[in-house]
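# Commentary on secondary and tertiary structure
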Amino acid sequence: MRNIIWYKTALIVLVTTGLMVQFASAQQKNNLSLTGTASASSSQNLSSPDATIDGDSNTFWSSNSEDRNAWLTVRLPGATELTRVSIHFGPERKPNSKIHIQYLLNGEWRNVETIENNSNKILDIPLKKELLTDRIRVSAADQQPMQVVDFGLFGQVYVDTVDLAAKAILVNQSGYNLNRPKRFSAPEIADHTPFVITEKDSHEVLYRGTILGGKGDFSDFNPTSAYEYEVKAGTEKSFPFRIGPYWLERVSYRSMLDFMIGARHYVGNVADIRPISFEWRDGDFFNWSMQSLVAMYLSNPEAYERMDVTTSYVSNASFPENYRGFWGKLEPYASETPDVVQLIHWDADVKVSKKLDHEMQKAELAHFLYAWPYLKKWLPRQNFDAVYAYATSVWSKADVSPHSLSQYDLSPEHNLLALKTQLGSTKGEMPPGFSVIPNLMMFEVARREQAPDANKYFEAAFKQMEWMIKNLDWEDPMTTKGQRMSEHVTMRAFAYFYTQFPDRAPAGLEEKVVEWAKIALSRANNYWDFRKYDEEEWTPPGWNETGNILGFPASVFAAMTIVKDPALNTQLEILAWSHFENAFGRNPTGRQFSYKGPEEVEGVDLGWYSRHKGGIGLLDELPFVFDGSPKSFHYPNHPEAGNLGWTEGWVQFNTAYNTSMAYMANYYSDISLQRTDGNQLLIQLKAPLNFHQEKIDTVAVQLCHENGKCIPIQLVESDLYSEYLSARIAFSGDELRYDGKKIQIRQGDTLSVSYGYGFFMKEAELEWGW
């Protein structure tokens, strides 16, 4: 505890036990709390916390007399540098003998000062150092109710002194996808101001539009060129950007994998044994890595299989003795195994080797088992047997081993067949419905393995979804954005049940998702098309919420597979893309979320202000780290708040982005099979494969007869800027011929072709007729 100054009258000075106690008037000048709003733990009778910030010494607030954890919070209009606080306790109660002065950081109230053995009515408390925040509170620590006349805050409104070369027109700095929503924000430019798009450093107008509501839309501008473009309005212009068939995938896919390769615990770019880390450094038990990696692979297998293999199996035999047993229960794979499959193997291997039995750790194994039909060409059969034996042995185990826990565990018990009604905090450690997809996947795996008790998994998933439909209140942000980077888990559960078991889904599922969509859209009518936390807060209070923004498109694309209203889906599509745009610079700071963005991400001009060096994860030297994002005090448009609030990358942020990229790939992918006017069969595939316009891409798909015979068909891009790949197969009489191979076909036979795997498979069928 440090020295404080206590005020009681204007003229008396007293020094005791090394503490200077000065008595002075309670009237303070430049009290910033007068500009804020107040809230409290409770209020007695007609008293209001607003009385503590009204400048009137005749009014006061009282907590309820039975309130043993009383607190009073003041929220300021924006980021503020606080140097001291003052508290004038009320006339009808004794002043609290012990209090904490606290500020909100990463969702937790943290102590700035603690005052003990207090008996004075008026306190003036200098802070150790300038405190940058937009909210502060006084909390009683003596188990007594509280009464306050005035809660004074002193300092100055924070303004970043760094020249950001800020832009009045804010865009996705890297680029936009062809034929997708494309928007920018210009909150300081007047409505009805015209804007134009030109090539960089050119005056030739290629597109015209009008700014409305502080934003502009150029979704129908779809040039087929490699030029950089700029949005201009009057004398203002944006950073340059490009537009390509699958631009976001182009600048993300390889980096997504490179981050995960480096973030592996023990064998990544850091060999240290780290706390709160299992498969991934600082990953804890709720990192969702396995399901994100599986989703990536199933959604777009060719994109990941054609990538260069950059990593390989690492045996722990070469590590010190204290590393033994951390991995190695799963047999290794061949050297040519794709990186994404190697990462899936790594995650499963650590879980099984370390016998991790926290409910969220073991639930992840269902994704490995479900994907086995598509992984088995790369991995030994022993891998499936070991994972299946372990998962089924602990699936309904209610207790958890101490080594699987961390301080963030909220699980009442760990039986995955039990109904889950506990809601997590804004840490993101327990999203509603996290057990639904794993149980539905285990149902399918158990049926595949002819297990007699397979139905128990479906029944558990059904009961859980039924509970969610009945009990989740979407108006409460703790069921949505309050789950931070884990929010996507909930809506994906709805989508999986609806798409994979449409005839067996609980009643009301579709209506529940439509309700979610409408509430999300109602909170996004702003300069940024940004879904707010609630009507008051823009982001979860006190958090670096980066992962929520990155994972939110996965929620939206999942919902869009259920919503049938075209107009609603059009709005949702804009909402999904606005959050990708937010991450790449269309936000109040004008910055992309990665500190090293300008050197790592093609086209990015301005990265995040800083990065967190060290930390539990030691992630700062990895590529594609999402370091930070705007906080509530940056919104609706306060770039002057600058580099304020917590900044630190996290595996959970990257897995949220990876999941969004997988769900986006699935949403836009499609495949068709049809006869043409001539003696030909036309196959067309739409999938995120055309990343580079300097070459024509190809992909092989299997054309299959209902009797099981298949022949590989090579699809080729229609042109350098096409989203489609296609092939024509000649037929004559009762025979299809392609590249020396043939299929016999008769009237009424069925042909099929597909792309993607499992729940992300897109399939087309054609019944043959003459």
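First things first, this report covers the structure right here in the doc. (Residues numbered from 1 in each chain as written. Predicted model: local features only at pLDDT ≥ 70, side-chain atom pairs only at ≥ 80, totals over all residues. Heavy atoms only, no water.)

A separate point is the overall build of the protein. Regarding its fold elements, the protein presents 15 helices and 27 strands. Here the protein has a C-alpha radius of gyration of 29 Å; the compact-globule value for 770 residues is 27 Å, and the two agree. Taking all 770 residues of the protein together, 60% fall into the buried category. In the protein, once contacts between residues fewer than 6 apart in sequence are set aside, the share between residues at least 24 apart is 69%. For the protein, the exposed area adds up to about 29,400 Å²; of that, 48% sits on carbon and sulfur atoms. (Helix = DSSP H or I, 4+ residues; strand = E, 2+ residues; numbered from the N terminus. Rg over C-alpha atoms; globule rule 2.2 N^0.38 Å. Buried < 20%, exposed > 50% of the residue type's maximum accessible area, 1.4 Å probe, protein only. Contact = heavy atoms within 4.5 Å. Areas by Shrake-Rupley, 256 points an atom, 1.4 Å probe, with all protein chains shown as cover.)

This next bit is on helix α15 (residues 651–668). Taking 1.5 Å of rise per residue, 18 residues should cover 26 Å, and α15 covers 26 Å from first to last C-alpha, within 8% of that figure. Most of α15 is tucked away: 17 of the 18 residues are buried. (Expected span 1.5 Å × (residues − 1).)

A separate point is helix α4 (residues 339–353). Each turn of an α-helix holds 3.6 residues, which means side chains three or four residues apart point in the same direction. The terminal C-alpha atoms of α4, which comprises 15 residues, lie 21 Å apart, in line with the 21 Å expected from a rise of 1.5 Å per residue. Of all 15 residues that make up α4, 15 are buried, and the element is covered over most of its length. Of the residues one or two after α4, Lys-355 is the one with positive phi, at around 55°.

The next point concerns the state of the cysteines. Applying the stated criterion across every chain yields a total of one disulfide. Across the disulfide, Cys-704 is cross-linked to Cys-710 (sulfur-sulfur distance 2.0 Å). Between Cys-704 and Cys-710 the disulfide shows an S-S torsion of about 110°. By sign, it is right-handed. Note on Cys-704: relative accessible area 16%, which makes it buried. (Disulfide = S-S within 2.5 Å.)

What follows deals with the pairing of strand β22 (residues 710–717). Sheet topology note: the strand β21 (residues 698–705)/β22 ladder contains seven bridges and is antiparallel. Residue pairing in the sheet places Leu-703 in a bridge with Ile-711 of β22. As paired elements, β22 and strand β23 (residues 724–732) share two bridges and run antiparallel to each other. Bridge pairing links Glu-717 to Leu-725 in β23. Taking the residues between adjacent antiparallel strands as the criterion, β22 and β23 are bridged by six residues. (Pairing = 2+ DSSP bridges.)

What follows concerns the environment of Trp-280. In this fold, Trp-280 is placed in the loop between α1 (247–263) and α2 (289–299). When the C-alpha atoms of Trp-280 and Trp-247 are compared, they prove to be 28 Å apart, with 33 residues separating the residues in sequence. Not counting the four nearest positions on each side in its chain, Trp-280 is found in contact with Met-260, Ala-263, Arg-264, His-265, Asn-287, Ser-289, Leu-293, Leu-343, Trp-346, Asp-347 and Val-651.

There is a patch of nonpolar side chains on the surface, built from Ile-696, Val-716 and Leu-720 and spanning about 210 Å² of accessible area. Turning to its location among the elements, Val-716 is positioned in strand β22. On the basis of relative accessible area, Val-716 is assigned to the partly exposed category, the value being 34%. (Patch = residues over 30% accessible without salt bridge, like charges linked within 9 Å, V, L, I, M, F, W, Y side chains within 5 Å. Salt bridge = Lys/Arg side-chain N within 4 Å of Asp/Glu carboxyl O.)

Further remarks concern the sheet that holds strand β14 (residues 205–210). Strands sit in the order β14-β13-β16-β17 across an open sheet of four strands; the sheet is antiparallel. One side of each edge strand has no neighbouring strand; the edge strands of this open sheet are β14 and β17 (236–237). Sheet analysis places strand β13 (residues 194–199) next to β14, joined by five bridges and oriented antiparallel. Across the sheet, the residue bridging to Phe-195 is Gly-209, located in β14.

Time to look at the pattern of salt bridges. Scanning the model with the defined rule gives 44 salt bridges in all. In this structure, Asp-453 engages Lys-456 in a salt bridge whose closest nitrogen and oxygen atoms are separated by 2.8 Å. Assessed through its relative accessible area of 35%, Asp-453 is described here as partly exposed. Residue Glu-475 is joined to Arg-523 by a salt bridge in which the shortest nitrogen-to-oxygen separation is 3.4 Å. Placement of Glu-475 in the loop between α9 (455–471) and α10 (488–500) and of Arg-523 in the loop between α11 (509–522) and α12 (546–560) is noted, with a sequence separation of 48 residues between them.

This next bit is on unusual backbone geometry. With the exception of glycine, most residues fall at negative phi, and the peptide bonds are largely trans. Cis geometry is found at the peptide bond from Tyr-635 to Pro-636, where omega equals -5°. Turning to its location among the elements, Pro-636 is positioned in the loop between α14 (597–600) and α15. One non-glycine residue, Trp-288, lies in positive phi territory at about 60°. Looking at where Trp-288 falls in the secondary structure, it is placed in the loop between α1 and α2. One non-glycine residue, Asp-529, lies in positive phi territory at about 50°. Looking at the element boundaries, Asp-529 is found in the loop between α11 and α12.

Turning our eyes to something else, we now look at the packing of aromatic side chains. The geometry of an aromatic ring pair is captured by two quantities: the separation of the ring centres and the angle between the planes. One pass over the structure, following the stated rule, counts 60 aromatic pairs. Where Tyr-374 meets Tyr-757, the ring centres are 4.8 Å apart and the plane angle is 5°; that geometry is what we call stacked. Taken as a pair, Tyr-374 in helix α6 (residues 372–375) and Tyr-757 in the loop between β26 (750–755) and β27 (762–767) lie far apart in primary sequence, 383 residues in all. Three or more aromatic residues joined by ring pairs form one cluster here, namely Tyr-176, Phe-184, Phe-195, Tyr-207, Phe-218, Phe-221, Tyr-229 and Phe-241. Taking the ring centre of Phe-239 as reference, the NZ or CZ of Lys-167 above it sits at 5.0 Å. A cation over a ring is seen here: Arg-675 above Trp-768, with NZ or CZ 4.4 Å from the ring centre. (Phe/Tyr/Trp six-rings, centres within 6.5 Å; stacked < 30°, edge-to-face > 60°. Lys NZ or Arg CZ within 6 Å of the ring centre and 35° of its normal.)

On to the nonpolar core. The nonpolar side chains of a soluble globular protein tend to be buried with one another. Counting 174 residues, the largest nonpolar core has Leu-298, Phe-368, Phe-494, Tyr-657 and Ile-713 as the members making the most contacts within it. Contacts of Phe-494, omitting those with residues within four sequence positions, involve Met-465, Met-468, Ile-469, Trp-474, Leu-509, Lys-512, Val-513 and Ile-562. Residues Ala-38, Ile-53, Ala-70 and Leu-76 belong to the second largest nonpolar core, which totals 29 residues. (Core = buried A, V, L, I, M, F, W, Y, C linked by side-chain atoms within 4.5 Å.)

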